[in-house]
Amino acid sequence: MLDLFTAQISSALCSGSSAMASCRNVPSRGIANVDGGRQIGLVSTKPTRNSFRKSGVERKIPRSSASRFAVTRRLIAIKAVSIIDAPAQSSSRPSNLEQELRDLKKLQAKLRAAETQREKNQIINQQRRVASFLERNETLKDLLDFESLDERQFYLLKCLVAIGQEHVLLVEQSWLDLKQGPENRGQSRSSSPLKNALYVLLSMIENWEKTGDYAKCPTFFNLKIGENSVKTVNAKNKSCKEEISHAIDKLLSTLEDVETFYDCIGGIVGYQVAILELILASKNEWHSLSSQYHQDFSDASSLNEFHVPLGPDLSKNIEYAAQAAVWGIEGLPELGEVYPLGGSGDRLGLIDKETGHSLPVAMLPYCGRTLLEGLIRDLQAREFLYYKTYGKQHITPVAIMTSAAKDNHKHITALCEKHDWFGRGRRSFQLFEQPLVPTVDAEEGKWVKSEPFKLVLKPGGHGVIWKLASDKGIFDWFYSHGCRSATVRQISNPVAATDVTLLALAGTGLRNGKKLGFASCQRSVGASEGVNVLLERNTIAGCWEYGLTCIEYTEFDKLGIIDAPVSPGSVQAQYPANTNVLYVDLATVERIGSSKSEASLPGMILNLKKPINYEDYLGVKHSIYAGRLECTMQNVADSLFTSYPYRCFSKVQENLDTFIVYNERRKVTSSAKRERKAMDKSLHQTPDGSLLDIMRNAYDLLVSCNIQMDKVEDNTLYLNSGPPFLVFLHPALGPLWEVIRQKFRGGSIANGSELQLEIAEFSWVDVQLDGSLTILAENIMGFEKSSENEDAMLHYGQQCGKCRLQNVKIENKGVDWKSSENVYWQHKVDRLETVKIVLHGNAEFDARDVVLKGDHLFEVPDGHRLQIVTGDSGLSSTMEPIIDETSICGSWHWKYTLHNSHFNLEMVQL
């Protein structure tokens, strides 16, 4: 046990140092898991010369009790590394994981066959581990107050023991001492890991001095709770037992979530069975039969082949892209929107500067707003296009899957409330929270705990979304809004709605009655990305099955997939990237999600290659290789294979329930998943890299409008000087590029310029920009109106800000590109000079044949039009009210019409 405390104190001493930093990626055990969860015993009851030799350092043993603390200090230095490097020692470790798995599968089968809670109790009580644990820990009943637990709660704790996770219920005496410490010592509990560890060590030394032999001090060296310890707790600190009760309540809540949500695979026991199967699969290349995902691909068959899936390329087949986008606009009233936002996003390292607490991915400040706000803007842009095309108002229902990780659910709810539900009304949103699940260590599948009764929890992957949506009634809610399908996109991908991508995906699915669709793109060889494939399989029954699905990159070796280039010397991989931009038929995914079978948890995986970071009850930080059972939402496709009595690969794909569409990569995916470190030269999956792809898209769009500007070069230039320009266009300007091209014609944007347009009704003709231009319309797509008992609602229409620029030259110093405060991907920049136009209500701004030099601010009040022209002595401005007949709609607007699947715009003067 002394080893344990010396290691804790050493970790605390090293916290923040380079030595500790170098150890953080090394597999280690947390304070509660140092011994894999079993009782901790001393290496020797008395220190000997040999014990130091084993550590590689020779020290003389002190002869007096006065120098015992010196021994402790020496032990701190000696044992600091061994606690990280050494594998856990386990007295109860199963001799064979496969035997452990077989035993648990038998228990799983019995529990799944039981029809009542009483039958389950009888089965669990017969388990050897459960009976043995209760016998060995008789006094634990008093500490845990078992008598206050109901039948279900006691069953959940027994399940925990039955699957070999009894260490979660064992209480370290150091934890009890820490809980009692503040009252006993008259001090408040410190947040310092070093002080916390020293308090415990000081108490240990005091007891050591009294007994004269630390080996006789059960208070610190025996994790099995004794009667004396319990009485001490009750006598010294009444609140300690209350704290334990509170901790057990939280543990029981977690266990109930696991037992209930994973009922389709056997609850808590089924969760652990899946974990062990996947661990064995990773060690032995043995394909798990607990996972529908692995079952589909490892089923005994005479043929199991992967092919590159065929589908329309939206970047090349322009006519099809335009037609499919129109189908998507026409079908907008039948479409819902689904956002899986429950992920913890640890790699972004997002911190609230005011509180110091971690924030979820949805709160990332990106291009001037949070990522969630960006998704809603994209959706509103499609609704505005629908209004401009058909003259009808439509509000799309949005279902958001959240989680408790990093207070994800609370932050997202607060963000929506702050923005008054984005002018959509509370009733157009449904937030449903996914359960957090236990993490397990990479070796034995032991559940990781940070302190007694407290598990280290993480979200269980976005694949739980279908079952959870079924459990929470989300599908019925969609149906009540008239939806039969939905588009799905992830929060970390801000480019998925670029141009035709999302509309063409949805349009293809709606038009052809498909069940599931993927938006895909090219992928680089070796990228840490999954792939979309067409699976062809000859089953035991002699049938041929076909379907599109996704394979995670971590599964390539297991399934025999070669990550090869499309041609020799190419960096493009043969299989396209899975982007998790999906179209789903709601009735189909509801059927799968409510199936009460393994299929409702598609694509179960266990990723043990990444460290999990957590902090123990002493405040010491740990980083260990661990994972949790995750599901992948796109692998719902594994339940949608089409069967034929004969082989028909060459003609089969167009008749499948699944489909795929392709587009240029930066129009489909460019994720902001990880923080770019100071010396990191790779921009892949960082906000910086995603920003550059948005700038490249802006370049492609504006150049096609005959606007001259410099191309975005290689990413390496960004590291030294930032982007060549900043262009941020509100998606309601289109969102289809075909629409935007008719609002922009000619001109130039000089290198180093900034253009920000928060406006939809806009015209740019032969504008030359050399500097900074910002146009902010208060009403971008219409106006918000609220009644006494209802939320404010955005009403799409002509009552919005408008701006026309023709033959205008803008020259100013613009962005201060040398400022060290600039964060380009946040659109947080210092400016030396700028032209800023602010339009309130339905205000209008017109400028023609003028040169705007230097700093200018033009602010136009609601119901007025400001005209800027060249006068005899320079600029001439005229502010006038919009005449009564047009005060609501303004003096002009863009009229949208459809002709042969293409949009034509006409400027209508009123």
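For clarity, every value in this text was computed on a predicted model and none was experimentally measured.

Colleague: It is not clear to me how the overall build of the protein chain should be interpreted in this structure. Could you clarify?
Modeller: Across its full length, the protein chain holds 29 helices and 38 strands. Here the protein chain holds 910 residues, and 58% of them are scored as buried. A separation threshold of at least 6 residues defines the contact pool for the protein chain, and within that pool the share at least 24 residues apart is 72%. By element, 47% of the accessible surface of the protein chain is carried by carbon and sulfur atoms, the whole surface being about 38,300 Å².

Colleague: Help me out: how do you make sense of the packing of aromatic side chains in this one?
Modeller: How two aromatic rings sit relative to each other is set out by the distance from centre to centre and by the angle between their planes. This structure, assessed with the given rule, holds 18 aromatic pairs. Ring centres of Y583 and F659 lie 6.0 Å apart, and the angle between their planes is 55 degrees; on these two criteria the pair is classed as tilted. Of this pair, Y583 sits in strand β16 (residues 577–585) while F659 sits in strand β22 (residues 658–662); the two residues are 76 residues apart in sequence, bridging distant segments of the chain. We note that Y583, like F659, is buried. The structure contains a cluster of three or more aromatic residues connected by ring pairs, namely F261, Y262, Y271 and W447. The residue whose ring lies beneath K158 is F154, and the NZ or CZ to ring-centre distance is 4.3 Å. In this arrangement the basic side chain of R537 is found over the ring face of F641, its NZ or CZ atom lying 4.8 Å from the centre.

Colleague: Teacher, can you tell me more about the UniProt feature "coiled-coil region" (unreviewed entry) in the protein chain here?
Modeller: In the numbering used here, UniProt assigns the "coiled-coil region" (unreviewed entry) feature to residues 97–124. Spanning residues 97–124, this segment combines 89% helix with 0% strand, and its end C-alpha atoms are found 20 Å apart.

Colleague: Where do I start with unusual backbone geometry in this structure?
Modeller: Of all residues except glycine, most have a negative phi; of all peptide bonds, most are trans. In this chain, G734 is followed by P735 through a cis amide linkage whose omega measures 0 degrees. Here P735 lies in the loop between β24 (726–729) and α29 (737–740). Positioned with a positive phi, W421 is a non-glycine residue whose angle comes to about 55 degrees. Counting through the fold element by element, W421 comes out in the loop between α20 (408–418) and β6 (429–434). Despite not being glycine, K596 shows a phi value in the positive range, around 60 degrees. Among the secondary structure elements, K596 is positioned in the loop between α25 (586–593) and β17 (605–606).

Colleague: Just to check I follow, could you spell out the environment of I612 for this structure?
Modeller: If you trace the backbone, I612 turns up in strand β18 (residues 611–615). The exposure class of I612 is buried, given its relative accessible area of 7%. A sequence separation of 154 residues divides I612 from K458, and the C-alpha atoms of the two residues are 9.5 Å apart. Every residue in contact with I612, bar those within four places of it in the chain, is listed here: T439, V456, K458, H622, S623, I624, A626 and G627.

Colleague: Explain the side chain of K667 to me, please; I cannot follow it from the model alone.
Modeller: Position of K667 among the secondary structure elements: in the loop between β22 and α27 (687–703). Excluding its chain neighbours within four sequence positions, the residues that come into contact with K667 are V495, A496, T498, D499, T501, N697 and W737.

Colleague: Would you mind going over the pattern of salt bridges with me for this structure?
Modeller: On inspection of all chains with the given rule, the structure shows 33 salt bridges. Ionic pairing is found between K809 and E811, a salt bridge with its closest N-O pair at 3.2 Å. With a shortest N-O distance of 3.7 Å, R865 and E844 are connected by a salt bridge. Of this pair, R865 sits in strand β35 (residues 864–871) while E844 is found in strand β33 (residues 844–853), placing the two residues 21 residues apart along the sequence. In terms of burial, R865 and E844 fall into one category: buried. Linked through salt bridges whose partners overlap, the residues forming this network are D263, K467, D471 and K596.

Colleague: I would appreciate a short explanation of the side chain of S600 in the present structure.
Modeller: Relative to the elements of secondary structure, S600 occurs in the loop between α25 and β17. Side-chain polar atoms of S600 contact the backbone oxygen of S597, separated by 2.7 Å. Not counting residues up to four positions away in its chain, the partners in contact with S600 are C264, G463, K467, I592, G593 and S595.

Colleague: Whenever I open this one, helix α10 (residues 151–162) confuses me. Can you help?
Modeller: Along an α-helix, residues three or four apart share an orientation, since each turn contains 3.6 residues. Between its first and last C-alpha, α10 extends 16 Å over 12 residues, near the 16 Å set by a 1.5 Å rise per residue. Three or more residues of α10 are buried, namely Y155, L156, L157, K158, C159, L160, V161 and A162. N-cap assignment for α10: the residue whose side-chain oxygen lies 3.1 Å from the backbone N of R152 is D150. Positioned one or two residues after α10, G164 has a phi angle of 85 degrees, which is positive.

Here is what the cut-offs are and how they apply
- Residues take numbers from 1 onward in each chain, read along the sequence in its written order.
- A pLDDT threshold of at least 70 governs which residues receive local features in this predicted model, and a stricter bar of 80 or more applies before side-chain atom pairs are shown or counted, although totals over entire chains, interfaces and linings include all residues.
- Side-chain calculation: all heavy atoms of the structure are included, whereas hydrogens and water are not.
- The helix and strand labels rest on DSSP assignments: H or I over at least four residues marks a helix, E over at least two residues marks a strand, and numbering proceeds from the N terminus.
- Think of it in three bands: with a 1.4 Å probe and only protein chains considered, a residue is buried below 20% of the maximum accessible area for its type, exposed above 50%, and partly exposed in between.
- The contact rule is simple, with two residues in contact once any of their heavy atoms fall within 4.5 Å.
- Per-residue accessibility takes into account occlusion by the displayed protein chains alone, with areas from the Shrake-Rupley method and a 1.4 Å probe.
- In this scheme Phe, Tyr and Trp rings, the latter by its six-membered ring, pair at centre separations within 6.5 Å, and the angle between planes marks the pair as stacked below 30 degrees, edge-to-face above 60, and tilted otherwise.
- Only Lys NZ and Arg CZ are tested; either one counts as a charge over a ring when it is within 6 Å of the ring centre and within 35 degrees of the ring normal.
- UniProt positions are given in the numbering used here, feature names are shortened, and annotations may be inferred rather than shown by experiment.
- One side-chain nitrogen of Lys or Arg within 4 Å of one carboxyl oxygen of Asp or Glu is enough to make a salt bridge.
- Under this definition, polar contacts are N or O atom pairs within 3.5 Å; protein pairs additionally need one hydrogen-donor-capable and one acceptor-capable atom, and for neighbouring residues in sequence, both atoms have to be side-chain atoms.
- Expected helix span is computed as 1.5 Å times (number of residues minus one).

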